[in-house]
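Listed here are the chains, written in short residue letters.
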Amino acid sequence: MAIHMISQCICACSCPWRGTLVSKTLRTKKRGKVTVENSVISPNSSMDSTKFNFVVKTQTNGCGGARTGQLEVGGTSFETPALLISTRKGLPAFISPDLLSSLPMPDSCFLQCSPIHFSEVMSLKTISELGGLQKMLGLKDHKFMAVPRDSIISLPEYQGTNKTGPSFDTPSGRVLMKPLQYVELIHSLKPNIWVTLADEVPAWVSEKRNRLSVDRSVKWLDECLELNLRFNTGAVFGSIVGGSNIEDRKRCALEVSKREVSGFCISGFGLGESIDQRPAILDAVTGGLPEDKPRYVSGLGLPEEVLQGIAAGIDLFDSTYIYHLTTGGFALTFPLNETGLSACGDSDQDGTKINLKATLYRKDTSPIIEGCKCYTCQNHTKAYLNHLFNVHEMLAQILLEIHNTHHYLLFFRIVRESINRGDFFNFFRNFVETRRSHLAADTEKLKLGLDTSK
C-alpha cells in the first residue's frame, strides 16, 4: 500500500441514541478516486444539540486510504481531516475565549477536553445545572469532544490500572476512573462527542498484558454503552487499543465495530512505538473498520505523523503538538503550499519552525511569516515576541499559540485540498523528503562546527 511506500521515506452503525438509525451509501468513481457518501443520522437529529452526521466525500486508494469528509456536530459542519484544539478544563492553554474568534472558522470551533480535568473541581451537580461545558465557559458556538487522555496533564498509567478502570497521572496525583464515575462526568459536562475508557499500555509490555488491555477496554466499552442508555449523552466513540501488536489491534477493532458506536478512537499511540511501526498498525486497524464512521487518533502530533495517520484514513487529530511548540518558544514557519514543504531560509533544523527565544530575532522587526493573516503576525514582530519571552511575559505564549494554531489549522486545509485533487501522496512525500533534507543539512553544519540555532 502507498502508506508503506511513504513510510520508508520517514524511516453496526453508530450511536448513543436509542431507536433505529437511518443510513445511506452512494459510491461513484471519478478520475481514479473513489467517492463515498455515507451518513448515520439519529432519529433525534432535528435537535441541533444532539445532531451527529458523517459523510465521506472523497477517498483515495479505496478502503483505508486518505479521505476527506464532512462531520456535522450539533448543527455545525467541519471538514475532515480536522484538527481538534486541545484544552485544559475546556479552554486552550493560553488563548482566552475572546481571542478564539480570531482563528480560522469554523475549524477552530472544534475543541477537545479531558473529563479527568474536572474530576476534582466543582461538583458535577453544579456543572450540570450550569448547562454543561459550553454554557459554563460561554462557548455556545463551539463543539466539544471529551477524551480521557490529553497527552499533557492526564497521561495513562498502565501500572495503576486494574479491572475496575484505567489509571491516569495528573498534577493532583494518580486518578483511578471507573466507568460509572466517568459516564457521570460525561453526563454533567454534556460534550457533543465522548470517547470510552481504554487501557492504554506502552509498546514494551508483554503479550499477555497487551491482550488484557484489549479485554478490559472492550469490557469498559460495554459498561459505558449500557450506562449511556440511562444518561443518553452525546455521540460515543469506542476506544481501540492493542499496543504494537497487530493481531491484538485487529481483534479490538473487530470487537468495537460490532458495538453501536458513532465513531472510533484509535488509542495507545505515542507510548513507545517507533514511527516505522505505525503504518502497519494504522492500516490493520482502519482496514477492519466501517468506512461510514469517523476515526479519531490520539498521540500523533508532528506534521509527518499527522500525514501518516491521514494516509491510513484517520479523520480527527489532537493538537498537543501546538502546546509543546508554544511552551518551547517555537513558531511554525513552513510554507503552506500545494506541493508540500519547500525550502525556507528562515526556519530551524527541520525546516518547519523557528526558535523565537534566539538572539537572532532580538532586532527583527518582521512578523513571524510575511503575509500570514493571524492576529499575531498582523500586529506584532519577532523582536517583540523575543522580548516577551526574555522577560517571561505570559503574553508571549498567548500570541505564539494564536499563530501556531492558526498555521496548523491552515495546514489541515492544504492537506484536504491535496486529497480532493488526488495528489495527497505526492504532497506527503515532498513534505517528508524536504524535512529530511533540512535535518541532513543541519547535521552537516554541526560536523563543521557552524551555528544552527537560529
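These lines cover the structure that appears in this document, whether it is placed above or below.

Cut-offs applied
Residues numbered from 1 in each chain as written. Predicted model: local features only at pLDDT ≥ 70, side-chain atom pairs only at ≥ 80, totals over all residues. Heavy atoms only, no water. Helix = DSSP H or I, 4+ residues; strand = E, 2+ residues; numbered from the N terminus. Buried < 20%, exposed > 50% of the residue type's maximum accessible area, 1.4 Å probe, protein only. Areas by Shrake-Rupley, 256 points an atom, 1.4 Å probe, with all protein chains shown as cover. Phe/Tyr/Trp six-rings, centres within 6.5 Å; stacked < 30°, edge-to-face > 60°. Salt bridge = Lys/Arg side-chain N within 4 Å of Asp/Glu carboxyl O. Pairing = 2+ DSSP bridges. Core = buried A, V, L, I, M, F, W, Y, C linked by side-chain atoms within 4.5 Å. Contact = heavy atoms within 4.5 Å. Expected span 1.5 Å × (residues − 1). Polar contact = N/O pair within 3.5 Å; in protein donor to acceptor, adjacent residues only side chain to side chain. Axes fitted to C-alpha atoms, helices over the stretch in contact; angles between N-to-C directions. Left-handed = near helix turned anticlockwise from the far one by under 90°. Nonpolar A, V, L, I, M, F, W, Y, C, P; charged D, E, K, R; others polar.

1. Some thoughts on the overall build of the protein chain
Line of reasoning, step 1. Each helix and strand in the protein chain was counted, giving 13 helices and 19 strands.
Line of reasoning, step 2. Within the protein chain, the proportion of its 454 residues that are buried is 58%.
Line of reasoning, step 3. Accessible area for the protein chain stands at about 18100 Å²; split by element, carbon and sulfur atoms hold 52% of it.

2. Focus on the packing of aromatic side chains
Line of reasoning, step 1. Tallied over the full model, the rule gives 16 aromatic pairs.
Line of reasoning, step 2. Consider the rings of tyrosine 408 and phenylalanine 411, whose centres lie 5.5 Å apart with planes at 5°: the pair is stacked. In this pair, tyrosine 408 and phenylalanine 411 both sit in helix α12 (residues 394-421), three residues apart, roughly one turn of the helix.
Line of reasoning, step 3. Here tyrosine 408 falls in the buried class, since its relative accessible area comes to 1%.
Line of reasoning, step 4. By relative accessible area, phenylalanine 411 is classed as buried at 1%.

3. Let's talk about the pattern of salt bridges
Line of reasoning, step 1. Applying the stated criterion to the full structure yields 20 salt bridges.
Line of reasoning, step 2. The residue arginine 278 makes a salt bridge to glutamate 273 at a minimum N-O spacing of 2.8 Å.
Line of reasoning, step 3. Look at arginine 278 and you get buried, because its relative accessible area is 6%.
Line of reasoning, step 4. As a salt-bridge pair, lysine 382 and aspartate 364 come within 3.6 Å of each other at their nearest N and O atoms. Of this pair, lysine 382 sits in helix α11 (residues 382-390) while aspartate 364 is found in the loop between β19 (353-355) and α10 (375-379), placing the two residues 18 residues apart along the sequence.
Line of reasoning, step 5. Judged by its relative accessible area of 3%, lysine 382 is buried.
Line of reasoning, step 6. Through salt bridges with shared partners, a single ionic network connects Asp222, Glu255, Lys258 and Arg259.

4. A short note on the sheet that holds strand β11 (residues 167-170)
Line of reasoning, step 1. Read from one edge of the open sheet, three strands run β10-β11-β12, paired in antiparallel fashion. Looking at which strands have only one partner, the edges of the open sheet turn out to be β10 (155-156) and β12 (173-176).
Line of reasoning, step 2. In this structure, β11 lies alongside β12, joined through four bridges in antiparallel fashion. Its bridge partner being in β12, phenylalanine 168 is matched across the sheet by valine 175.

5. A few points about the nonpolar core
Line of reasoning, step 1. Counting residues in hydrophobic clusters, the biggest one holds 77 residues, and the most contacted among them are Tyr408, Phe411 and Phe424.
Line of reasoning, step 2. With nine residues, the single largest contributor to this core is α12.
Line of reasoning, step 3. Those residues in contact with phenylalanine 424 that lie beyond four places of it in its chain are Ala66, Leu307, Ile310, Ala311, Val415, Ser418 and Ile419.
Line of reasoning, step 4. Listed in part, the 19 residues of the second largest apolar core include Val56, Leu71, Phe237 and Leu316.

6. Regarding α12
Line of reasoning, step 1. End to end, α12 covers 41 Å across 28 residues, agreeing with the expected 40 Å (1.5 Å per residue, within 8%).
Line of reasoning, step 2. Looking one or two residues past α12, glycine 422 carries a phi angle of roughly 75°, positive in sign.

7. Re the side chain of threonine 87
Line of reasoning, step 1. Within the fold, threonine 87 resides in the loop between β7 (85-86) and β8 (110-113).
Line of reasoning, step 2. Judged by its relative accessible area of 4%, threonine 87 falls in the buried class.
Line of reasoning, step 3. Polar contacts involving the side chain of threonine 87 include one to the main-chain amide nitrogen of glycine 90, which spans 3.4 Å.
Line of reasoning, step 4. Among the polar contacts made by the side chain of threonine 87, one reaches the main-chain carbonyl oxygen of glutamine 112 at a distance of 2.6 Å.

8. Observations concerning the pairing of β11
Line of reasoning, step 1. Pairing of β10 with β11 involves two bridges; the strand directions are antiparallel. If you follow leucine 155 over to β11, its bridge partner there is aspartate 169.
Line of reasoning, step 2. Between β11 and β12, which follow one another and run antiparallel, lie two residues.

9. Thoughts on the sheet that holds strand β13 (residues 193-195)
Line of reasoning, step 1. Ordered by their spatial adjacency, nine strands build an open sheet running β6-β17-β16-β15-β14-β13-β9-β8-β7, and the pairing between neighbours is parallel. Pairing within the sheet leaves two strands with one partner each, and these edge strands are β6 (82-83) and β7.
Line of reasoning, step 2. Pairing analysis gives four bridges linking β8 to strand β9 (residues 143-146), with the strands arranged parallel. Opposite glutamine 112, over in β9, you have methionine 145 as the bridge partner.
Line of reasoning, step 3. The sheet contacts of helix α4 (residues 179-189) involve β9 and β13, and relative to β13 the element is tilted by about 165°.

10. Remarks on the packing of helix α7 (residues 278-286) against helix α8 (residues 303-311)
Line of reasoning, step 1. Two numbers describe how α7 lies on α8: the axes approach to 9 Å, and their chain directions differ by 35°. Crossing hand, α7 versus α8: right-handed. Touching Arg278, Pro279 and Leu282 of α7 are Glu305, Gln308 and Gly309, all from α8.
Line of reasoning, step 2. Split into classes, the residues belonging to the contact of α7 with α8 amount to two nonpolar, two polar and two charged.

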